[in-house]
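# Fold and geometry: a report
Residue-level listing of the chains:
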Amino acid sequence: MFRSMLVRSSSSAKQAVIRRSFSSGSVPERKVAILGAAGGIGQPLALLMKLNPLVSSLSLYDIANTPGVAADVGHINTRSEVVGYMGDENLAKALEGADLVIIPAGVPRKPGMTRDDLFNINAGIVKNLCSAIAKYCPHALINMISNPVNSTVPIAAEIFKKAGMYDEKKLFGVTTLDVVRARTFYAGKANVPVAEVNVPVIGGHAGVTILPVFSQATPQANLSGDVLTALTKRTQDGGTEVVEAKAGKGSATLSMAYAGALFADACLKGLNGVPDVIECSYVQSTITELPFFASKVRLGKNGVEEVLDLGPLSDFEKEGLEALKPELKSSIEKGVMFANQ
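Residues numbered from 1 in each chain as written. Predicted model: local features only at pLDDT ≥ 70, side-chain atom pairs only at ≥ 80, totals over all residues. Heavy atoms only, no water.

Basically, it comes down to this: UniProt positions are given in the numbering used here, feature names are shortened, and annotations may be inferred rather than shown by experiment.
Per an unreviewed UniProt entry, the protein is named Malate dehydrogenase, and its organism is Cardamine amara subsp. amara. As recorded by UniProt, the Subunit (unreviewed entry) comment attached to the protein reads in full: "Homodimer." In its Catalytic activity (unreviewed entry) section, UniProt records this for the protein: "(S)-malate + NAD(+) = oxaloacetate + NADH + H(+)".

### Some words on the overall build of the protein
To be explicit about the condition: In this description a helix means any DSSP run of H or I spanning at least four residues, a strand means any run of E spanning at least two, and both kinds are numbered starting from the N terminus. Only C-alpha atoms enter the radius of gyration, while the globule expectation follows 2.2 Å times N to the 0.38, with N the number of residues. Categorising residues by exposure relies on relative accessible area from a 1.4 Å probe, with only protein chains included: less than 20% of the type maximum marks a residue as buried, more than 50% marks it as exposed, and the intermediate range marks it as partly exposed.
Check the secondary structure of the protein and you find 12 helices and 11 strands. By the compact-globule yardstick of 20 Å for 341 residues, the protein fits well, its C-alpha radius of gyration being 19 Å. Seen through its principal axes, the protein has C-alpha atoms that stretch 55 × 50 × 40 Å. The buried share among the 341 residues of the protein stands at 54%.

### What to know about helix α3 (residues 42-50)
Among the 9 residues in α3, 7 count as buried, and that is most of the element. Residues of α3 that are buried: Gly42, Pro44, Leu45, Ala46, Leu48, Met49 and Lys50.

### Here we look at the pattern of salt bridges
This is how it is decided: A side-chain nitrogen of Lys or Arg and a carboxyl oxygen of Asp or Glu constitute a salt bridge if their distance falls within 4 Å.
What the rule picks out here adds up to 11 salt bridges. Here Arg79 and Glu29 are joined by a salt bridge, their closest N and O atoms 3.4 Å apart. With a gap of 50 residues between them, Arg79 in the loop between α4 (66-74) and β3 (81-86) and Glu29 in the loop between α2 (13-24) and β1 (31-35) connect regions that are remote in the sequence. Two residues, Glu333 and Lys329, come together in a salt bridge whose shortest N-O distance is 2.9 Å. A residue pair is termed a helical-turn pair when its members lie 3 or 4 positions apart in one helix, as Glu333 and Lys329 do in helix α12 (residues 315-339) at 4 residues. The exposure class of Glu333 is partly exposed, given its relative accessible area of 42%. One connected set of salt bridges, linked through shared partners, spans Asp276, Arg298 and Glu306.

### Quick notes on the pairing of β3
The line we're drawing: We treat two strands as partners when DSSP finds at least two bridges between them. A right-handed crossover is one whose linking path, passing over the helix from the first strand to the second, runs clockwise when the strands point away from the viewer.
The pairing of strand β2 (residues 57-62) with β3 spans 6 bridges and is parallel. Bridge pairing in β3 links Ser59 to Val83. Regarding topology, α4 serves as the crossover connection from β2 to the parallel β3, and that connection is right-handed.

### Let's talk about the packing of α3 against α4
What counts, and what does not: Here, axes are lines fitted to C-alpha atoms. For helices the fit covers the stretch in contact, and angles between N-to-C directions go from 0 to 180 degrees. Crossing handedness: left-handed means the near helix sits turned counterclockwise from the far one by under a right angle, and right-handed means the same turn made clockwise. Working rule for contacts: check all heavy atoms of both residues, and any pair within 4.5 Å makes them a contact.
Where α3 contacts α4, the two axes come as close as 10 Å, and the packing angle between them is 30°. Relative to α4, α3 is oriented so that their crossing is right-handed. Residues Gln43, Ala46, Leu47 and Lys50 of α3 lie in contact with α4, whose contacting residues are Val69, Val73 and Gly74.

### Describing the environment of Glu244
Summarising the element assignment, Glu244 is placed in helix α10 (residues 238-246). Taking C-alpha positions, Glu244 is 8.1 Å from Lys110, a pair spaced 134 residues apart along the chain.

### Considering the state of the cysteines
Operational definition: Two cysteine sulfur atoms make up a disulfide if the distance between them is within 2.5 Å.
Per the counting criterion, the structure on display carries 0 disulfides. Considering cysteine sulfurs only, Cys130 is the nearest to Cys137, which forms no disulfide, with 9.8 Å between them. Classification of Cys137 by relative accessible area gives buried; the value is 4%. For Cys280, which is in no disulfide, the shortest distance to another cysteine sulfur is to Cys267 and amounts to 13 Å. Of the residues examined, Cys280 reaches a relative accessible area of 7% and is grouped as buried.

Here it is, written out as structure tokens:
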């Protein structure tokens, strides 16, 4: 079920056959650890990863309530064994042997909060977790969900560098929710089936740093400039839209868990040697003058196999690209500075 949900109909029939045949044969043992597994994103993400047949061991960690989440999810009749770990003293066990670590830990946004308001709390949490990752599973792929991603990914990079364990190919900021939203909103305006839609999203993962490249969307639709401008703004403000709709009762936890599960699945496929796995992600990059940038990335056995070029941009998108750079640069520098305090 989960697998068919994840394979894009836009991929070629040949790729779909390869992926289906791969999943039905013997697949490698893969341990996935979720740090922050008892939280608003962590719980639905744990459920979705339990449904993924590529996962053989699911390790759920949080500072509280993890045994209950693990007991609940562990009753589901799918492949993976589930173990819950609670508290700092069990973090090492949660991480040891992990192939993929997903980090949704931290506090969620509330109405009126920006992602930068989260920085002081979440930056410290990420710093501590990454120090443990460097020690107990230094070769794992890292999927960073904790906001502000524009800063937490540079923090993680600095912590790994200090430990002598940094591999830029294995550190990912998860921006998939921006892609998921762009697809959904575009399909609604273009009146095309959403399952057939793909829209690359570049830049960063907050407000104006999110730049959906609708000029490269497939299938192509002849939308007016005003509509594309509105779609861009809605994609950028998607998180705020949910925070306000929940009226103080949470943030975009369910859609983020779905997007996180999509990206984790792509990483696992890459690790297992499935060809042509391409997703957008916020990674160390040289395609702009900024050290970290979100764009299309080819995933493979080493994590990032290739950071793909941005491709042709419309004039509107070129303006958006230049406009986002100062804010993204500032967020990166803020993360680096925090990590080196």
